[in-house]
Amino acid sequence: MIQIQFPKGEIAGVPLKNHLLLAAGILGTTGASLKRMLNLGAGGVVTKSIGPKAISGHHGPALIPVDGGLINAMGLPNPSKDFVEEIAPLKGEPVVVSIFGGTPQEFGTVASWFPDAATFELNLSCPHAEGYGASIGVNPRIVRECTEIVKTYNKPVWVKLTPNVTDIKIIGKAAEDGGADAIVAVNTVKAMRISTELRRPVLGNCFGGLSGKAIFPIAVRSVYDLYDAVDIPIIGCGGVSTADNVLEMMMAGASAVEIGSAIYDSVNVFSEIAADLYSEDGIPAEEIVGCAHV
Amino acid sequence: MSEMPEIVTITTVVNETPTVKTFVFDKLFAFRPGQFCMVWIPGVDEIPMAFSAANSITVMKVGDATEALFSLKAGDKLGIRGPFGNGFSPSGKVLAIGGGIGVTPLFTLAASGEVDTFILGARTREELVFADDLAKVSDLKIATDDGTFGFHGFVTGILDQIDVVSYDTICVCGPEMMMKGILDRLVAKGIENRGQFSMHRYMKCAVGVCGSCCMDDHGLRVCKDGPVFTGDLIKTGEFAHYHRGPSGRKE
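Residues numbered from 1 in each chain as written. Chains lettered and ligands numbered in written order. Predicted model: local features only at pLDDT ≥ 70, side-chain atom pairs only at ≥ 80, totals over all residues.

### Focus on the sheet that holds strand S5 (residues 95-99) of chain A
All names here are of chain A.
- One closed barrel accounts for eight strands, arranged S1-S2-S5-S6-S7-S8-S13-S14; its pairing is parallel. When the angles between neighbouring strand axes are averaged without regard to direction, this sheet yields 25 degrees.
- In this structure, strand S7 (residues 157-161) lies alongside strand S8 (residues 182-185), joined through four bridges in parallel fashion. For Leu161, the partnering residue across the bridge sits in S8 and is Ala185. (Pairing = 2+ DSSP bridges. Helix = DSSP H or I, 4+ residues; strand = E, 2+ residues; numbered from the N terminus. Axes fitted to C-alpha atoms, helices over the stretch in contact; angles between N-to-C directions.)

Below is the structure:
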């Protein structure tokens with residue numbers, strides 16, 4: 001297997017310690033758990049998505065492990081502005097603050113609370129929250145406007161996209177047109193399970209989003225598509241669980257990856273992948289980013 | 001590996017006290033005392049609960065979900081995910097201290113013959129849970145807040161009367177302020193690492209990914225790294241000071 005070098009300089013505007021970030025929504029509710037993941041080897045961490053008002057989330061079951069992944073319908077639970085105090089001790093660390101809103105103005109309001117964020121990741125892609133996430137992230141005009149308004153806070157802006165669209169390239173291009181510094185692809189794939197014994201959906205919200213190994217090929221395809229469509233960096237997200245997965249994402253066009261569901265199997269997944277991925281005599285990652293495009 | 005909820009049918013409902021019921025179901029779960037399950041009350045919610053036996057949970061009515069659970073009867077169905085978490089891992093001479101409904105995981109520990117001395121606390125006599133069974137399997141000492149049975153006062157009052165240092169493991173579950181009183185006493189004697197405390201926090205996923213139940217200062221997950229923690233891991237941070245609610249706000 002190919003091995004690569006640790007990143008030199010910034011990736012998509014952020015000084016990451018390695019190419020492996022903790023994905024949004026995974027162990028990102030408290031400052032202490034984010035700090036723990038940095039200590040356990042994450043090159044950067046993305047917070048739980050923070051919105052304009054505190055939300056308790058959907059009733060349970062809110063997450064069920066299924067073959068090859070997890071289906072969740074958390075419902076964007078978040079403490080809203082209280083989160084500023086939560087991550088204050090992490091100032092100076094590579095913390096990506098994930099934010100959401102129902103309108104571009106709400107995105108701007110939430111962004112204004114976090115002057116210490118390393119970068120913002122716009123959640124325009126959560127598939128199970130009415131009026132938020134993917135319900136507005138399928139509209140190229142809204143995606144561009146949300147990106148534009150958050151860009152006025154003078155930080156890098158990453159835009160996380162939903163795969164639940166006919167052509168992800170159009171949405172990626174809209175984010176780039178709005179001034180995005182990177183695209184994060186992808187959020188979860190809309191999904192559900194039914195209890196045959198109870199004859200009803202298992203999730204409290206009926207449907208949710210599938211993550212994990214089952215969606216890795218979808219994520220690779222999305223990154224591959226986007227690499228042809230945009231000129232800004234792409235962060236690959238969706239089912240990454242091995243060093244070889246990281247290389248594959250990079251060959252599709254990703255400059256870095258986010259890892260989430262693999263935490264289910266091991267909280268040490270970052271250091272485990274890094275041990276396989278990096279070598280002092282490895283090649284620079286830039287040599288393989290997008291190399292699979294034929 | 002799919003871990004969809006196992007659908008069980010309630011076979012018996014036992015009224016333990018005016019506020020506590022045991023729901024016995026038709027399937028067995030191989031659990032370690034102190035491990036928990038997620039109980040899905042269809043159409044209502046899913047909540048963490050300790051096993052009281054391989055085929056039962058014992059529940060105190062404390063909120064909307066447990067109130068809905070209390071309306072169920074034999075023949076009704078529940079979903080069970082689990083068992084989850086680490087459970088107790090006692091060694092040597094074992095003291096168990098349980099308060100209120102927190103007695104449940106310790107009852108299963110005692111029932112498996114792993115407890116020498118048991119201190120059981122409740123608000124009042126009629127709220128004592130599992131007392132008769134515990135007396136058969138351990139040296140049982142009882143405290144009630146109102147003095148209607150046993151020692152008049154808290155479990156810590158009994159703890160102060162015994163030689164706690166003579167125990168190798170002290171397993172604890174109950175209201176957080178009760179556990180705080182016990183942890184303080186263990187810290188004072190320098191034996192907090194002998195204490196194994198079963199923590200309760202708001203949970204969503206129960207499998208260690210969502211982060212809802214993480215505790216300060218270490219960011220440990222109650223559902224996966226716990227729910228049982230040694231005293232040295234919880235003596236600093238949020239324990240007995242605050243916790244986070246469903247939105248992640250501190251309460």
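### What about the packing of helix H3 (residues 104-112) of chain A against helix H5 (residues 140-151) of chain A?
Residues and elements named next belong to chain A.
- The geometry of H3 relative to H5 is characterised by a closest axis approach of 8 Å and an angle of 30 degrees between their N-to-C directions. Here H3 lies roughly parallel to H5, going by the angle between them. Note that H3 runs across H5; the crossing there is right-handed. Contacts from Pro104, Phe107, Gly108 and Ala111 of H3 reach H5 at Ile142, Glu145, Cys146, Ile149 and Val150.
- Taken together, the residues of the contact of H3 with H5 sort by class into seven nonpolar, one polar and one charged. (Parallel < 35°, antiparallel > 145°, perpendicular 65-115°, else oblique. Left-handed = near helix turned anticlockwise from the far one by under 90°. Contact = placed C-beta atoms within 7 Å. Nonpolar A, V, L, I, M, F, W, Y, C, P; charged D, E, K, R; others polar.)

### Focus on unusual backbone geometry
- Residue Asp217(B) is reached from Asp216(B) by a cis peptide bond, and omega for that bond is 5 degrees.
- Of note, Asp217(B) is situated in the loop between strand S13 (214-215) and strand S14 (220-221).
- At the junction of Gly226(B) and Pro227(B), the peptide bond is cis and its omega measures out at 10 degrees in the coordinates.
- One non-glycine residue with positive phi stands out, namely Leu27(A), at about 50 degrees.
- Note on placement: Leu27(A) falls in the loop between strand S1 (20-22) and helix H1 (31-39).
- In this structure, Ala206(B) takes a positive phi of about 70 degrees despite not being glycine.
- Relative to the elements of secondary structure, Ala206(B) occurs in the loop between strand S12 (195-198) and S13.

Note that every value here comes from positions in space, so none of it alone points to a role or purpose.
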